[in-house]
Every structure is written in C-alpha cells, then in structure tokens.
Amino acid sequence: AERKYKVKTIDLWDEVIHEKSYLMYRFYDSMVSKAPFMYNLSLHGLPAKLYKRVRLTSEYKYLDHFDQFINDNQPDKILSVFPECTEFASIYKEYYNKEIPLYTCITDVVDSDKWLHPNNDLYFIPHESMLSRLVKKGVPPEKIIVTGIPVRKKFFEKQNKIQLKRHLGFEEEDIIIMITGGSLGRLPDNGAFYKWLDKKRNVKTVVMTAQNKTIHKKLRALKLKNFSIYESKDNISDYMKAADLIISKGGGATLFESIVSMLPIIVYKPSLNQELENSRFIVTQGIGTVAKNSWDLKKKVNVMLLNDQHREARNNIKKLKQQIRIDNMVERIMDDGNS
C-alpha cells in the first residue's frame, strides 16, 4: 500500500519562545550586518564548556514548550536545517527520553562542532570532502550521507537559456549578472562600482535587495540604465538560470542554487565563518572566486566573464551538479524505520 506523509515546517524559536523570537531575530540581524566578529565569536570562539553552559541554561527553560508542541503534533521524525535546532532537539530527546529519529541537513560546507550533537541519528552533508572531516570528529561514517544542500524543485527544471532570456526581457547577446545578499545589508555599497558595471558593454545587471530598503533606495537614486532592481522575485530561479554570473555573500543555499543553475560565483567580502568556509569550497572546486573590496570586485568580474575562465567554471559546476542527490535524503528519511 502507498504510504502517505505530511510535512510540517516550523520556526523552532517561534514555537518555543513565541513573541520573544522577534527580538531575537532583530538582534541577530543587527549583529550579522554590523558586528559579524561578534557572531563568529558567539558560535565559534567561545570555549566549549562555557558555550555549552550558556546554551543549556537558555534552552532548558523552553524544553517544556517544545514538549507541548511535540505532544500536540506527534511527529514521526524530525529534520533540522540549523545547528541550534539540532542541538535543541538533541537535548530534548535526552531530557525527555524520547526516541524520535532526528536528522540534520548541514546547510553550509562546514564541519563546525555546533552542528554535531550526540542524539542526532543521521547527517546529510553538502559534499564528499566533508565526510572524512566529520569522521575525524567522531561521527560514524554510517551516519553520514552526501546529498548536497536542498534547493527548490523549480531550480531543477530544465529550460532553454536563450528562450528564458527573451522571456525575462533580455536580448540573446546580453551578459546577465545577478547580485544578491541584500537582506542583511551585505550588498556592495560603493555607488561607483554600480556605475562602472552599468557602463559595461552588453551587460545587464539584476539586483535582489530583499528587505534592505536603504540599498534599494540608493540604487534607484543612481538611475542606472542597465539595471533591474527588485526587492524579491517569485521566479528568482528563472533569473539565475538565465544569468551568466552571480555576486553573493556566500551562503549555503545560494551556493547550491547557483550550482544547480550552472552559475559561476563571486563571493563579495565574506565575513561570517560559514561564508568563509563556503568561499574556500568555491575556490577549491574552481566554480568561482572571492572579492575583498569593490576594487577587487571589478577585477574579478572582468576575469570571471572571460570566455576561458567562464567555461572552466561552468565545467566544474557541471561535475558538482551531477553529485547532488537530494532524492537520497528524501528516500532515507521516508524509509528509515518503516521497512
């Protein structure tokens, strides 16, 4: 008989700390955009014992809220895509003596200890290069499956690039550059860079500013002729598949959206630890490069648009794309414990 599954997606902090989650996210956004060194310290710089003491003190207070949620929803399995969520669920399983299978999808190319917790049953990882690093940290190899980072199904749909360009209002000969990362104030803020890009022959630029009203207003005021500036787009996958190059902050989701879209990457001024790790992966795999400032960004744009460089990056991306097996994650979660 065919099994039926129901998936419920939740924001853990909305569920367990309720209205206080808004303040927590405001603090997080401010710290990431204005003081990334504090974020790196909070997640990676504290001594292990002090970190654990701070985390446990805050999390034990909310375990009863999470237990109520579990009792109300009766999940068969839990999939976490954030390190603190894995940590919280692991603590919950031990404290309440629960046997709910807990799976974790690591959403950056990192082996940070903050993802690793004793009551997690299986790790889905972005790339095979992480496997040996996690085994060295004590994770049994049978608890690790290489899948890639999940992206929306729309990204995997095959579309003709020339037809897609025309559908989006571009010409066949246009070179399309995408710039993303605006939600946390991480877009290039040098107006001269945008003016320089606006004058490049055959180049059309698409900027996604997300919730960053300041940069959106600033870019509009520049009156750039060859720019399309949006807060967001439902069909962002179409733009990425039509594009020739993306400039981003180096997050894991954007990285794998770019890989699936066959899109070479320039990471601009990575500062968070996971962005730095993702950037090393991008350079090591030969699918893009890193720019340290707006002057360096101009140089890297010119280099990445050269035919040989662009072709080589796309060939390397193609090899990586062939290794992405999100279906392995789905099948393992669905079948685990049901045979």
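Peer 1: Looking at this structure, how should I read the packing of helix α9 (residues 191–198) against helix α14 (residues 294–304)?
Peer 2: Each packed pair of helices is defined by two parameters, the angle between the axes and the distance between the axes. It is the contact of α9 with α14, at a shortest axis distance of 9 Å, that shows an interaxial angle of 20°. With respect to α14, the axis of α9 lies roughly parallel. Seen along the crossing, α9 lies across α14 with a hand that is right-handed. Residue-level contacts link F193, W196 and L197 of α9 to S294, L297, K298, V301 and N302 of α14.

Peer 1: Looking at this structure, I do not really get α9. What am I missing?
Peer 2: Residue pairs spaced three or four apart in an α-helix point in one direction, given the helix's 3.6 residues per turn. All buried positions along α9 are accounted for by G191, F193, Y194, L197 and D198. The buried residues of α9 occupy an angular sector of 160° when projected down its axis, which confines them to one face. In this structure, the buried side of α9 is in contact with β5 (175–179), β6 (203–208), α10 (213–221), β7 (227–230), β8 (245–248) and α14. The backbone nitrogen of A192 has a side-chain oxygen 2.9 Å away, supplied by the residue at the start of α9, namely N190.

Peer 1: So what exactly am I meant to see when it comes to the nonpolar core here?
Peer 2: Nonpolar side chains tend to gather and get buried jointly when the protein is soluble and globular. Of all hydrophobic cores here, the largest spans 43 residues; its most connected members are I106, L134, M178, L255, F256, I259 and I287. Dropping the residues within four chain positions of it, L134 is found in contact with I106, D111, L116, I125, V139 and I144. In this structure, V203, L245, I247 and M304 belong to the second largest nonpolar core, which totals 22 residues.

Peer 1: I keep staring at unusual backbone geometry and nothing clicks. Help me out?
Peer 2: The general pattern is negative phi for most residues beyond glycine and trans for most peptide bonds. Backbone geometry at N97 places phi at a positive 55°, although glycine is not the residue there. Mapping N97 onto the fold places it in the loop between α6 (83–95) and β2 (102–105). In this structure, N202 takes a positive phi of about 65° despite not being glycine. Topologically, N202 is positioned in the loop between α9 and β6.

Peer 1: Would you explain the pairing of strand β9 (residues 265–268) in this entry?
Peer 2: Consecutive side chains of a regular strand alternate in pointing toward one face of the sheet and then the other. Here β9 shows no split at all, with I265 and V267 on one side and I266 and Y268 on the other all buried. Pairing of β8 with β9, which is carried by three bridges, proceeds in the parallel orientation. Residue pairing in the sheet places I247 in a bridge with I266 of β9. Considered for its hand, the β-α-β crossover made up of β8, helix α12 (residues 252–260) and β9 is right-handed. The handedness of the β9 to strand β10 (residues 288–291) crossover, carried by helix α13 (residues 273–285), is right-handed.

Peer 1: Explain the side chain of T205 to me, please; I cannot follow it from the model alone.
Peer 2: Its location among the elements puts T205 in strand β6. Residue classification places T205 among the buried positions, given a relative accessible area of 1%. Excluding its chain neighbours within four sequence positions, the residues that come into contact with T205 are I177, I179, L197, N226, F227 and S228.

Peer 1: Quick question: what am I supposed to make of the pattern of salt bridges here?
Peer 2: Side chains carrying opposite charge are able to pair once their charged atoms draw close together. Enumeration according to the criterion identifies 13 salt bridges in this entry. Between D244 and K165 there is a salt bridge, with the nearest N and O atoms lying 3.8 Å from each other. One end of the pair, D244, is in the loop between α11 (236–242) and β8; the other, K165, is in helix α8 (residues 161–167), and 79 residues separate them in sequence. Comparing D244 with K165 shows no difference in burial state: the two are buried. Residue D308 pairs with R311 through a salt bridge whose shortest N-O separation is 3.1 Å. Placement of both D308 and R311 in helix α15 (residues 307–323) is noted, with a separation of three residues, approximately one turn of the helix. On the basis of relative accessible area, R311 is assigned to the partly exposed category, the value being 47%. Several salt bridges share partner residues, and in doing so they unite K161, K165 and D244 into one network.

Peer 1: How should the sheet that holds strand β3 (residues 122–125) be read in this particular structure?
Peer 2: In a beta sheet, neighbouring strands are held together by backbone hydrogen bonds and run either parallel or antiparallel to one another. If you trace the four strands from one edge of the open sheet to the other, you get β1-β2-β3-β4, paired in parallel fashion. Whereas interior strands pair on both sides, the edge strands pair on one side only; in this sheet they are β1 (78–80) and β4 (144–146). Taken pair by pair, the neighbouring strands of this sheet meet at an average axis angle of 20°, ignoring direction. Relative to β3, β2 is paired through three bridges, and the arrangement is parallel. When the bridges of β3 are listed, T104 appears paired with Y123. The strands that α6 touches are β1 and β2; relative to β2, the one it contacts most, it runs at about 170°.

Peer 1: Whenever I open this one, empty space enclosed by the protein confuses me. Can you help?
Peer 2: A probe as big as a water molecule, rolled over the atoms, marks out the empty space that is left. If you walk through the whole model with that rule in mind, you get one cavity of 30 Å³ or more. There is about 50 Å³ of room inside the largest cavity. If you go around the largest cavity, the residues you meet are P126, H127, E128, V146, F256, F281, L320, Q323 and I324.

Peer 1: Would you explain the packing of aromatic side chains in this entry?
Peer 2: Centre distance and the angle of the planes are the two values used to describe a pair of aromatic rings. Per the counting criterion, the structure on display carries ten aromatic pairs. Ring centres of Y92 and Y96 lie 5.0 Å apart, and the angle between their planes is 35°; on these two criteria the pair is classed as tilted. Here Y92 falls in the buried class, since its relative accessible area comes to 0%. Note on Y194 and F227: the rings are 6.0 Å apart at their centroids and 70° apart in plane angle, and the pair reads as edge-to-face. Taken together, the residues Y194 in helix α9 and F227 in strand β7 connect sequence positions 33 residues apart. Of the two residues examined, Y194 and F227, each falls in the buried class.

Here is what the cut-offs are and how they apply
- Residues numbered from 1 in each chain as written.
- Predicted model: local features only at pLDDT ≥ 70, side-chain atom pairs only at ≥ 80, totals over all residues.
- Heavy atoms only, no water.
- Axes fitted to C-alpha atoms, helices over the stretch in contact; angles between N-to-C directions.
- Helix = DSSP H or I, 4+ residues; strand = E, 2+ residues; numbered from the N terminus.
- Parallel < 35°, antiparallel > 145°, perpendicular 65-115°, else oblique.
- Left-handed = near helix turned anticlockwise from the far one by under 90°.
- Contact = heavy atoms within 4.5 Å.
- Buried < 20%, exposed > 50% of the residue type's maximum accessible area, 1.4 Å probe, protein only.
- Arc of directions from axis to C-beta.
- Polar contact = N/O pair within 3.5 Å; in protein donor to acceptor, adjacent residues only side chain to side chain.
- Core = buried A, V, L, I, M, F, W, Y, C linked by side-chain atoms within 4.5 Å.
- Pairing = 2+ DSSP bridges.
- Right-handed = clockwise from strand over helix to strand, strands pointing away.
- Salt bridge = Lys/Arg side-chain N within 4 Å of Asp/Glu carboxyl O.
- 1 Å grid on protein atoms, 1.4 Å probe; cavity = no way out; pocket = protein on both sides within 12 Å on 5 of 7 lines; lining within 4 Å.
- Points joined across faces, edges and corners; volume = space filled by probe spheres on them.
- Phe/Tyr/Trp six-rings, centres within 6.5 Å; stacked < 30°, edge-to-face > 60°.

This is a description of form; function is not addressed.
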